[in-house]
Structures are given as C-alpha cells and as structure tokens.
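Listed below are the residues making up each chain.
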Amino acid sequence: MGDDTDLDLSFAIDAETVSLSPIGEYQILDLEGPVVIVGDASYRVVPVGEESDASEDVRELSVDEIRAALSELADNDDFQSIVDNCPTNTPLVYDDIDYLTRHLPTNSLQKCQKLSESTPFEKELLLQVAYVERQNSLVGHSDNVLEYYLEQRAEIAEKVRSTDEIDSDIERSFFSYLLLASALIEELTTETVLNELFREEARLDSITEHVRSMGHAKRLEKLCDIQILTGGDHGSLVEVKERRNNLVHDAQKRAGLDELESRREVAQILEQTDRCASVLLTISGKNIESAIAKRGCDPYIEHAQSEAVTDTITTWEQENPERLSRLHDCERATLEEIRWDTEESDPRNNITEGFTFDGFDDEELYEILMEFVGDASQAFRDRIDADANESNLDRFDFAVMVLLCAGHSYEEIARWLDTDEKYVQRKENVIAWRASQFEKGLVEEIPRPEGPTWPSDTASDDQDGC
C-alpha cells in the first residue's frame, strides 16, 4: 500500500476549461401586454383571429395564459415533431427564421402553420420556441449529465486519495461514477451519430427515430463504421459499457471492486473511463477549444485574440476602471495590441506583443497586467466557443477546418481531435464546399483538395476496424 500514499490521478477532461453549450431560453414578460422574447427577437402576442398589425389591444390574454399555452405545446405531438426536426444551431450569416424555414421539411412548416392558427402564436414565434426547445432537449441534456459527472468524478477522486483502503464509501461512489460516465458516453454518442446522419439535406423524422431506436453498442459501431471513432477508442468504450452492465446486472458484484486489490487499480479505471468520456466530448465538438487555441491557423488566432482583448477592455471599463487606467497610462503598454503565445500553457508569462518588458520592475503594475491577460485568455476561449456556435459548420468540423488551415497533417489533426486520419481527410472535402463567408473571413483561405489522397500504405484496415 506504500506506493498508493501520494496517489495522483491524471484526468483527460479539464473541468476548468470544458465547454458547456449555452442552453437556449425564451422569456414571457408583461411589457404593456404579453410579450415573448426569444434571443434578440421580441413577439407581442395577439389573440387568435386578429391581425398582428391591426390589433392595438393585446391585454385580452394575460401573461399566465401565454405561459399556459406554451406549456400545452410541450405535449403537442405536432409541435414535438417540429422540435425534433430543428437544427441545434443557426449560423451567424443567416437570419434565424430564414435558416429554419429553408432547412425544415415541408410537412414541419405545414404543421407550424396549422398550430399558429389554433394557438395565440404566429408561426415565426413557434419556430423560434421550437428551436430553443431543440437546444434544450438535445444539447442541454448531455451538458447536464456532464456537470453531474464532473462532480461525482471529483468526489470519488478525493476519496481515493484520502482513504487507505477500498471501503464501502469508495464502492458507492465508484458505482455512481460509472453509471454517470456510462450515461454521459451514451448521450454524447447519440448526439454525435445524429450530427453525422441528421444533416440539413436529410432532416427527416425517420432519421431521428432510427438513431434513437439503436442500442448504444450499435451507435458506437456506426461511429466506428464512418471512421470518426478509431478502433482502439471503440474497444475502450465497449469495455466501459461492459463494466457498467456487469455492475447493474450482478447484484453480488454491485460495487465492481471485488477483484481490485488497491486504490491504484481503482484510480486506473477512473483515468481510463475519463479518457473515454473525453474522446466523446471531442468528437461531439464540445471540447475543441484547447486544440484550436494551441494549434489554430495564424489568421484565426489573430482574430480571436483581438476580439478577446477588446472584450476584456470593455469588461474592465465597467469592473476595474482604475486598474485599466493604470495600464492605459503605462507607456510600455498598448493594450489593444496585446498578444500571447497560445502554445504555452500559461499565456500571462508569454506575452509577445503589446508590452515591453526590458528593464521593467514595477511589480504592482506587472500583477495588474498579468490579471488582464489572464482574463483575456479566458475571453479568447469564449470567442472560439462563440465562433464555433455561429459557424455554418458543426463544432467538430469547425475545429478540423481551423487546424487544416494551419497546415497540419491529417495524422496530427486526428491525434489532437481523437479521431481517425481518414475521417479528417474526408472532412476536408466537406469543409471545402460547406464553409460560408463567415468561416472564410476567419481563416482567409480554405484548403481545397486538388486530387485524391489515399490512406497511408502502412495503415492496416484491420487496425482501424471494429
């Protein structure tokens, strides 16, 4: 037991930087009558049968009645069908309504029209609310599970570090952790399969039903078949699934620790399971900021850092005006031009532009500068997250695009994004024609394949198979 005294667990998921997708919201307020606010759009609710531009009195319906009407929609099969057919993001280059109406199938738009005739809501509002519900039902679910997973992971890690033996407390925490890990992996697997099969060109109810009717093992096979998941990672994920099944179905071995002799073995299982969850987070596009931040192409890094610095200055003008003033007054600093080496783990000690350090010995001002750059670094990741959400590409494809534009090889990108190099190669073709002006403006030039590139002769199909 002596080698377990200072047990150090190394997890693949960084709880401090993992990106949780923002959950969509809509609000119902009483602003001289019931108003429903969805994002930046506001809709004044008009009683059924009246023209919106002809009605000046909207007080015939109360806020409570509007809330009740929206709640009833949640149980409406037609509305749920519209929700299921909505995408999970609308690119910044499109107006939300234009994007939704162009990419929803005709029967969904017809259902929306019929619902608008039987409810207090115009069809544009119904589409916006359905879009928000889509975000909440799909993206939000895995994010909620991820939060619980990280909490449980921290709890059992602390118990393993502080306890000398495997006791009932560790057993219970281990069981809870593995169930949450399995649930998280299943949610992320479902999302990833849907993202791959449920493109705008085939946004049909049957696709959703087909994916949801698959067993978890079949979904994993599907990801392996299309090569987004490597054979090795597939095998590790299957092990997690089998370990979870053994825990659930064998009451006598419920704790799953009967054959483990030390805390170090428990720690190894925690690390292996966390690695599997991390793979699914990356290929589902939820954990891509770090790879882009460290290895993205120069035009994009310049854009993201510039926006981050501007956002940080704006924030400090409100929250830290005195300290910001000191930085502005410093002749050595040009705040708007501050940049840092993104490949280093701590940007505060790697400022490359915007400040001259030679002969500088003002420790107090130095600490203010370091705090500013620390905030800018966080804003930098937030900018990457926002750009990925606003892209016409999905988040994973966005990461592939930025890394391809940096000139990295298929093999390198596949390693950083936990996928197969042949999948990256195929994505290059997709990105070349799916990228909009928004993406082109961020990276300046999208690589376009000039001819077929075959997989390496040294790569064996047997190695990558399921």
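Refer to the structure printed above.
Scoring rules and cut-offs
Residues numbered from 1 in each chain as written. Predicted model: local features only at pLDDT ≥ 70, side-chain atom pairs only at ≥ 80, totals over all residues. Heavy atoms only, no water. Patch = residues over 30% accessible without salt bridge, like charges linked within 9 Å, V, L, I, M, F, W, Y side chains within 5 Å. Areas by Shrake-Rupley, 256 points an atom, 1.4 Å probe, with all protein chains shown as cover. Salt bridge = Lys/Arg side-chain N within 4 Å of Asp/Glu carboxyl O. Lys, Arg positive; Asp, Glu negative; His and termini not counted. Charge placed at Lys NZ, Arg CZ, Asp CG, Glu CD. Helix = DSSP H or I, 4+ residues; strand = E, 2+ residues; numbered from the N terminus. Phe/Tyr/Trp six-rings, centres within 6.5 Å; stacked < 30°, edge-to-face > 60°. Buried < 20%, exposed > 50% of the residue type's maximum accessible area, 1.4 Å probe, protein only. Lys NZ or Arg CZ within 6 Å of the ring centre and 35° of its normal. Expected span 1.5 Å × (residues − 1). Polar contact = N/O pair within 3.5 Å; in protein donor to acceptor, adjacent residues only side chain to side chain. Pairing = 2+ DSSP bridges. Contact = heavy atoms within 4.5 Å. Core = buried A, V, L, I, M, F, W, Y, C linked by side-chain atoms within 4.5 Å. Domains from an automatic or database assignment. Axes fitted to C-alpha atoms, helices over the stretch in contact; angles between N-to-C directions. Parallel < 35°, antiparallel > 145°, perpendicular 65-115°, else oblique. Left-handed = near helix turned anticlockwise from the far one by under 90°.

A.B. asks: It is not clear to me how a negative patch on the surface should be interpreted in this structure. Could you clarify?
C.D. replies: Together, Glu 72, Asp 75, Asp 77 and Asp 78 give the surface a local cluster of negative charge. Structurally, Asp 77 can be placed in helix 2 (residues 77–85).

A.B. asks: Explain the packing of aromatic side chains to me, please; I cannot follow it from the model alone.
C.D. replies: When we look at a pair of aromatic rings, we describe it by the centre distance and by the angle of the planes. This model, assessed by the stated rule, comprises five aromatic pairs. Taking the centre distance of 5.3 Å and the plane angle of 80° together, the rings of Trp 316 and Phe 372 count as edge-to-face. With Trp 316 in helix 12 (residues 298–319) and Phe 372 in helix 14 (residues 363–390), the pair connects residues that are 56 residues apart, well separated along the chain. Residue Trp 316 is classed as buried on the basis of its relative accessible area, which comes to 1%. Since its relative accessible area comes to 0%, Phe 372 is described here as buried. Between the NZ or CZ atom of Arg 153 and the centre of the ring of Phe 11, over which it lies, the distance is 4.3 Å.

A.B. asks: I tried to follow the pattern of salt bridges on my own but got confused; where do I start?
C.D. replies: A pair can form between side chains of opposite charge whenever their charged atoms are brought close. In total, this model carries 19 salt bridges according to the counting rule given. The salt bridge involving Glu 302 is made with Arg 339; its shortest N-O contact spans 3.0 Å. Residue Glu 302 is found in helix 12, and its partner Arg 339 is found in strand 4 (residues 339–340); the two are separated by 37 residues along the sequence. Assessed through its relative accessible area of 40%, Glu 302 is described here as partly exposed. Judged by its relative accessible area of 7%, Arg 339 falls in the buried class. Taken together, the salt bridges that share partners define one network made up of Glu 155, Lys 159, Asp 169 and Arg 172.

A.B. asks: Explanation requested: helix 14 in the structure shown.
C.D. replies: Within an α-helix, residues lying three or four positions from one another point in the same direction, as the helix has 3.6 residues per turn. Counted at 1.5 Å a residue, the expected span for helix 14 with its 28 residues is 40 Å, and the 40 Å between its end C-alpha atoms agrees. Its side-chain oxygen 3.3 Å from the backbone nitrogen of Glu 364, Asp 362 forms the N-cap of helix 14.

A.B. asks: What is the right way to look at the pairing of strand 2 (residues 34–38) in this model?
C.D. replies: In regular strands, side chains alternate between the two faces of the sheet. Counting buried positions along strand 2 yields five of five residues, so the element is predominantly enclosed. Burial along strand 2 is two-sided: the face carrying Pro 34, Val 36 and Val 38 and the face carrying Val 35 and Ile 37 are both buried. Pairing analysis gives five bridges linking strand 1 (residues 26–30) to strand 2, with the strands arranged antiparallel. When the sheet's bridge partners are listed, Leu 29 is paired in strand 2 with Val 35.

A.B. asks: What is the right way to read unusual backbone geometry from this model?
C.D. replies: Negative phi characterises most residues that are not glycine, and trans characterises most peptide bonds. Despite not being glycine, Asp 418 has its phi angle at roughly 55°, a positive value. For Asp 418, the location among the structural elements is in the loop between helix 16 (410–416) and helix 17 (421–434).

A.B. asks: For this particular structure, what's the right way to read the environment of Ile 66?
C.D. replies: Mapped onto the elements of the fold, Ile 66 is located in helix 1 (residues 63–73). Residue Ile 66 is classed as buried on the basis of its relative accessible area, which comes to 0%. Residue contacts for Ile 66: discarding those within four places in its chain leaves Ile 28, Pro 34, Val 36, Val 45, Leu 61, Pro 120 and Phe 121.

A.B. asks: What exactly am I supposed to notice about the nonpolar core here?
C.D. replies: For soluble globular proteins, nonpolar side chains are generally found buried alongside one another. Counting residues in hydrophobic clusters, the biggest one holds 95 residues, and the most contacted among them are Tyr 149, Tyr 300 and Phe 372. Of the residues that make up this core, three or more belong to each of domain 1 (140–286) and domain 2 (292–443). With sequence-adjacent residues up to four places away left out, Tyr 300 is seen in contact with Ile 292, Arg 383, Ile 384, Asp 387, Phe 398, Val 402, Leu 442 and Val 443. Core analysis: the next-biggest nonpolar cluster, separate from the first, contains 28 residues, Ile 28, Leu 61, Ala 130 and Val 132 among them.

A.B. asks: Would you explain the packing of helix 12 against helix 14 in this entry?
C.D. replies: Each packed pair of helices is defined by two parameters, the angle between the axes and the distance between the axes. The interhelical angle for the contact between helix 12 and helix 14, taken along N-to-C directions, is 120°, at an axis separation of 7 Å. Here helix 12 is positioned oblique relative to helix 14, judged by the angle of their axes. For the element pair helix 12 and helix 14, the recorded crossing hand is right-handed. Between helix 12, through Tyr 300, Ile 301, His 303, Ala 304, Gln 305, Glu 307, Ala 308, Val 309, Asp 311, Thr 312, Ile 313 and Trp 316, and helix 14, the contact on the second element is made entirely by Ile 368, Glu 371, Phe 372, Asp 375, Ala 376, Ala 379, Phe 380, Arg 383, Ile 384 and Asp 387.

A.B. asks: When you look at the packing of helix 15 (residues 395–405) against helix 17 in this model, what are you seeing that I'm missing?
C.D. replies: Following both chains from N to C, one finds helix 15 and helix 17 inclined at 90°, their axes separated by 10 Å at the closest point. With respect to each other, helix 15 and helix 17 are oriented roughly perpendicular. Between helix 15 and helix 17, the contacting residues are Phe 396, Asp 397, Val 400, Met 401 and Leu 404 on the first element and Tyr 423, Val 424, Lys 427, Glu 428, Val 430 and Ile 431 on the second.

A.B. asks: What should I look at first to understand the side chain of Thr 342 in this one?
C.D. replies: Within the secondary structure, Thr 342 is located in the loop between strand 4 and strand 5 (351–353). Thr 342 gets classed as buried once you look at its relative accessible area, which sits at 15%. At 2.8 Å, the side chain of Thr 342 forms a polar contact with the backbone oxygen of Ala 293. When neighbours within four sequence positions are excluded, Thr 342 is seen to be in contact with Ala 293, Lys 294, Ile 301, Gln 305 and Phe 380.

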